[in-house]
Amino acid sequence: MSGGLLEVWLLVTWMFDSVNRRLKYISLAVLVVQNASLILSIRYVRTLPGDRFFTTSAVVMAEILKVLTCLLIILLQKKFSVKETMSFLVDSIVFQYKDTLKLAVPSLIYTLQNNLQYIAISNLPAATFQVTYQLKILTTALFSVLMLRKSLSRVQWVSLLLLFGGVAIVQVQQEGNKEASVSDSSNQNYTVGLVAVVISCMSSGFAGVYFEKILKGSSASVWLRNVQLGVFGTVLGLLGMWWNDGAAIAERGFLFGYTGMVWCVIFNQAFGGLLVAVVVKYADNILKGFATSFSIIVSTVMSIYLFGFHVDLMFTAGAGLVIGAVYMYSLPKAASGSSSPSSSSSSSAAAPGTDRGAEMEAFLPKAQGGVASPPSAVHITD
């Protein structure tokens, strides 16, 4: 009898491990597709001829969809009790207003960052943006050291130097090939795109670390935090939309220029971070680093076919350094008891369209094999 139970237990254990391994690689594929598809689709819709949608309205719409999704999940958790859900939200958001107000700063930065990403991708080749955007790993690490007094391993310091060197090589190559990299359209400006992506990387690093700093010790769920962030993000996005495109939107309408492809971009941006937050618990840091690296390759290959992007030896060398650096930075530190910021930056690297995926990671339990995550309330990409 005991032998039969042992066989059943071994069979169940084997099936569980098999499913977990399968989920791990499914999550890897999801991260790669989400990373590459968001950048390529934004680049595609921003280079199509005809009427262009207002990027400020797209940012607001993504925030609204994200809030509605999280509200639906909270309602599901409350067993579809509207009264209990409303009571929970009022208590968490209104009565605990001091806790809610803490999210105003990261929400402002995320709103700015989402708008900057549209500007950057509209003015840079998709592959160049994908490579350059990995600088957010560097900024996140530096802010983690400065603000959270975290330590980096030697391998991580070396990877950051390689990352910076790889991005520098790509930018030198692109500077010499502006005509080949960016079309002659007067609507595209390489310098504007580069400045936008650099500022976006700096804001990404600061916002992620600031969010981690202010949320330590909190027990709020990832869905509640996204509602709080989304409320601020929607209000701030509406203000930005009114300031930048108010007159044009009043004349043409909020949904001017929206096509099926534009809606796909918005849904990808809205749900990408939430999707990554859910699937990363099945993937360790090494796989997340691999997903980010592989998405750079996918973006580059697809850019060649979709946008006629030219890849030469310098771009290949620079992109190779960035891919290697991302992978090296995601490697677990040797057992030393010191914490690593990789948990708060690796996820950010996995979701360029919306960096809240990075901040969401620590709200979720880690799968085996990964670096230990910060406390459960330390992080929200997404």
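Keep in mind that this is a model prediction, so the values were computed, not measured. (Residues numbered from 1 in each chain as written. Predicted model: local features only at pLDDT ≥ 70, side-chain atom pairs only at ≥ 80, totals over all residues. Heavy atoms only, no water.)

1. Remarks on the overall build of the chain
In terms of helices and strands, the chain carries 16 helices and zero strands. Looking at the chain residue by residue over its 382 residues, the buried ones come to 52%. Of the roughly 16,900 Å² of accessible surface on the chain, 70% is carried by carbon and sulfur atoms. (Helix = DSSP H or I, 4+ residues; strand = E, 2+ residues; numbered from the N terminus. Buried < 20%, exposed > 50% of the residue type's maximum accessible area, 1.4 Å probe, protein only. Areas by Shrake-Rupley, 256 points an atom, 1.4 Å probe, with all protein chains shown as cover.)

2. What about the side chain of Gln269?
Structurally, the position occupied by Gln269 is in helix H12 (residues 260-279). Only 3.1 Å separates the side chain of Gln269 from the side chain of Tyr118, close enough to count as a polar contact. (Polar contact = N/O pair within 3.5 Å; in protein donor to acceptor, adjacent residues only side chain to side chain.)

3. Let's talk about a nonpolar patch on the surface
Together, Val82, Met86, Val90, Val94 and Phe95 make up an exposed nonpolar region whose accessible area comes to about 490 Å². Relative to the helices and strands, Val94 resides in helix H3 (residues 82-95). (Patch = residues over 30% accessible without salt bridge, like charges linked within 9 Å, V, L, I, M, F, W, Y side chains within 5 Å. Salt bridge = Lys/Arg side-chain N within 4 Å of Asp/Glu carboxyl O.)

4. Side note on the packing of aromatic side chains
By the definition in use, this model includes 11 aromatic pairs. For the ring pair Phe54 and Phe256, a centre distance of 5.8 Å and an interplane angle of 40° mean the geometry is tilted. With a gap of 202 residues between them, Phe54 in the loop between helix H1 (2-47) and helix H2 (55-77) and Phe256 in the loop between helix H11 (222-252) and H12 connect regions that are remote in the sequence. As far as the burial class goes, Phe54 and Phe256 line up, both buried. Plain terms: the ring middles of Phe267 and Phe271 are 5.5 Å apart, the flat faces sit at 45° to each other, and that makes the pair tilted. (Phe/Tyr/Trp six-rings, centres within 6.5 Å; stacked < 30°, edge-to-face > 60°.)

5. Thoughts on the pattern of salt bridges
Across all of its chains, the model carries one salt bridge by this definition. We note a salt bridge from Arg225 to Asp99, for which the minimum N-O separation is 2.7 Å. Remark: Asp99 occurs in helix H4 (residues 97-101) and Arg225 occurs in helix H11; sequence separation between them is 126 residues. With relative accessibility at 0%, the residue Arg225 sits in the buried group.

6. A short note on helix H14 (residues 313-330)
The first and last C-alpha atoms of H14 sit 26 Å apart over 18 residues, in line with the 26 Å expected at 1.5 Å per residue. When H14 is considered as a whole, its buried residues turn out to be Phe315, Gly318, Ala319, Val322, Ala325, Val326, Tyr329 and Ser330. The arc that holds the buried residues of H14, viewed along the axis, is 130°, so those residues lie on one side. Capping the start of H14 is the job of one residue whose side-chain oxygen sits 3.3 Å from the backbone nitrogen of Met314: Asp312. (Expected span 1.5 Å × (residues − 1). Arc of directions from axis to C-beta.)

7. Here's the deal with helix H5 (residues 104-123)
Its 20 residues give H5 an end-to-end C-alpha distance of 29 Å, which sits within 8% of 28 Å, the value for a rise of 1.5 Å per residue. When you tally the buried positions in H5, you get 15 out of 20 residues, the bulk of the element.

8. Side note on unusual backbone geometry
Leave glycine aside and you will find that most residues have negative phi; peptide bonds, for their part, are mostly trans. The phi torsion at Phe80 lies on the positive side, around 60°, for a residue other than glycine. On the secondary structure map, Phe80 appears in the loop between H2 and H3.

9. Some remarks on the packing of H3 against H11
Between two packed helices, what matters for the description is the angle formed by their axes and the separation of those axes. Between H3 and H11, the least distance of the axes is 11 Å, while the angle of their chain directions is 65°. H11 is crossed by H3, and the crossing has right-handed handedness. Note on element contacts: H11 touches H3 through Leu224, Val227 and Gln228, opposite Phe88, Leu89, Ser92 and Ile93. Class assignment for the residues of the contact of H3 with H11 results in five nonpolar, two polar and no charged. (Axes fitted to C-alpha atoms, helices over the stretch in contact; angles between N-to-C directions. Left-handed = near helix turned anticlockwise from the far one by under 90°. Contact = heavy atoms within 4.5 Å. Nonpolar A, V, L, I, M, F, W, Y, C, P; charged D, E, K, R; others polar.)

10. Examining the environment of Asn268
With respect to the helices, strands and loops of the structure, Asn268 is situated in helix H12. Judged by its relative accessible area of 17%, Asn268 is buried. When neighbours within four sequence positions are excluded, Asn268 is seen to be in contact with Gln34, Ser37 and Leu38. Within the structure, the side chain of Asn268 is placed 3.1 Å from the side chain of Gln34, a separation counted as a polar contact.

11. Description of the packing of H2 against H5
Contact geometry for H2 and H5: axes closest at 10 Å, N-to-C directions at 130°. Accordingly, the angle class assigned to the pair H2 and H5 is oblique. Crossing angle aside, the handedness with which H2 passes H5 is right-handed. Contact with H2, carried on its side by Thr55, Thr56, Ala58, Val59 and Glu63, involves Thr111, Asn114, Asn115 and Tyr118 of H5 and no other residues of that element. Of the residues contributing to the contact of H2 with H5, the split by class is three nonpolar, five polar and one charged. (Parallel < 35°, antiparallel > 145°, perpendicular 65-115°, else oblique.)

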